[in-house]
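# Analysis of the macromolecular model
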Amino acid sequence: MIWKNHPVTIGIKDYLLHFLNYRSQTLVRILTYRQKHSEQRLNIVKGLIRLIDIAEEVTKEAKNSNSRAEFEQVLQTKFRFNAEQAASIAVIPLYRIGRQDLAKLQKEQEELERQIKTIKAVLSNKDLFLKYLIKDLQQTKKIFRNAKRKTKIIAEEHIEPVKIKKETLIKDQNVVI
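Residues numbered from 1 in each chain as written. Predicted model: local features only at pLDDT ≥ 70, side-chain atom pairs only at ≥ 80, totals over all residues. Heavy atoms only, no water.

Counted as a void, the largest pocket has a volume near 160 Å³. In terms of lining residues, the largest pocket is bounded by Leu 31, Arg 34, Arg 114, Gln 115, Thr 118, Ile 119, Val 122 and Tyr 132. When contributions to the lining of the largest pocket are tallied by element, the ones reaching two or more residues are α1 (12–53) and α5 (100–124). Examining the composition of the lining of the largest pocket, we find that five residues originate from one element, α5, more than from any other. Residue composition of the lining of the largest pocket, grouped by class: four nonpolar, two polar and two charged. (1 Å grid on protein atoms, 1.4 Å probe; cavity = no way out; pocket = protein on both sides within 12 Å on 5 of 7 lines; lining within 4 Å. Points joined across faces, edges and corners; volume = space filled by probe spheres on them. Helix = DSSP H or I, 4+ residues; strand = E, 2+ residues; numbered from the N terminus. Nonpolar A, V, L, I, M, F, W, Y, C, P; charged D, E, K, R; others polar.)

Set out below in structure tokens:
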């Protein structure tokens, strides 16, 4: 095993401890990424929900704008949308700002808020994180349960010793004496 940039021989207990530490770090990174991604999406969804209430005014401003950048600036200054919301609104098709999407957006908002709350709880509570780690390891076990081994384990007595001649270790090159 490579540990702190050095090859080491360790027992199974130490190996498992290193693996669990590695997997824990990986899960923290995965959860942090998902939290950040969900928060960004939640921000946009909140902006879209707010957009539906003021769609008429926003549509007028879109018609009067000369460019997308100008429209985004109007959204930020006049309607108080943040930059991410304004960029998302500027590229959304008009049919998407109807009332029929409101219920879908509200449902998505609730789901995102629930996901963020769960992720924050798992990251901040060691017991919840350990339960999450166990669940992750169990899922991995299910995936690889029926996987066939790709290498063969052979008994030491069946290993043939490799015979190396000294001549094969010398690099063949021209030398002047």
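Within the structure shown, the criterion is met by seven salt bridges. Glu 72 is the partner of Arg 68 in a salt bridge, and the nearest nitrogen-oxygen pair spans 3.0 Å. Taken together, the residues Arg 68 and Glu 72, both in helix α3 (residues 68–77) and four residues apart, mark about one turn of the helix. On the basis of relative accessible area, Glu 72 is assigned to the buried category, the value being 16%. Linking Lys 104 and Asp 101 is a salt bridge whose minimum nitrogen-to-oxygen distance equals 3.9 Å. (Salt bridge = Lys/Arg side-chain N within 4 Å of Asp/Glu carboxyl O. Buried < 20%, exposed > 50% of the residue type's maximum accessible area, 1.4 Å probe, protein only.)

This part covers a nonpolar patch on the surface. On the surface, Met 1, Trp 3, Ile 12, Tyr 15, Leu 16, Phe 19, Leu 20 and Tyr 22 cluster together into a nonpolar patch covering about 790 Å² of accessible area. Of all the elements, α1 adds the most residues to the nonpolar patch, at six residues. Inspection of the secondary structure puts Leu 20 in helix α1. (Patch = residues over 30% accessible without salt bridge, like charges linked within 9 Å, V, L, I, M, F, W, Y side chains within 5 Å. Areas by Shrake-Rupley, 256 points an atom, 1.4 Å probe, with all protein chains shown as cover.)

This part takes up the packing of aromatic side chains. Summed over the entire model, instances satisfying the criterion amount to zero aromatic pairs. Over the ring of Phe 81 we find Arg 50; its NZ or CZ atom is 4.1 Å from the centre of that ring. (Phe/Tyr/Trp six-rings, centres within 6.5 Å; stacked < 30°, edge-to-face > 60°. Lys NZ or Arg CZ within 6 Å of the ring centre and 35° of its normal.)

Take the side chain of Gln 85 next. With respect to the helices and strands, Gln 85 occurs in helix α4 (residues 83–91). Other than its neighbours up to four places away in sequence, Gln 85 contacts Asn 43, Ile 44, Lys 46 and Gly 47. (Contact = heavy atoms within 4.5 Å.)

For the pair α1 and helix α6 (residues 126–144), the least separation of the axes is 11 Å and the interaxial angle reads 105°. One element, α1, and the other, α6, form an angle in the roughly perpendicular class. Where α1 abuts α6, its residues Phe 19, Leu 20, Arg 23, Ser 24, Leu 27, Val 28, Leu 31 and Arg 34 lie against Phe 129, Tyr 132, Leu 133, Asp 136 and Leu 137. When grouped by side-chain class, the residues that make up the contact of α1 with α6 number nine nonpolar, one polar and three charged. (Axes fitted to C-alpha atoms, helices over the stretch in contact; angles between N-to-C directions. Parallel < 35°, antiparallel > 145°, perpendicular 65-115°, else oblique.)

Enumeration over the complete set of coordinates arrives at one cavity of 30 Å³ or more. Estimated volume of the largest cavity: approximately 40 Å³. Of the residues forming the lining of the largest cavity, the biggest block, three residues, is contributed by α1. Its residues placed into classes, the lining of the largest cavity shows six nonpolar, no polar and one charged.

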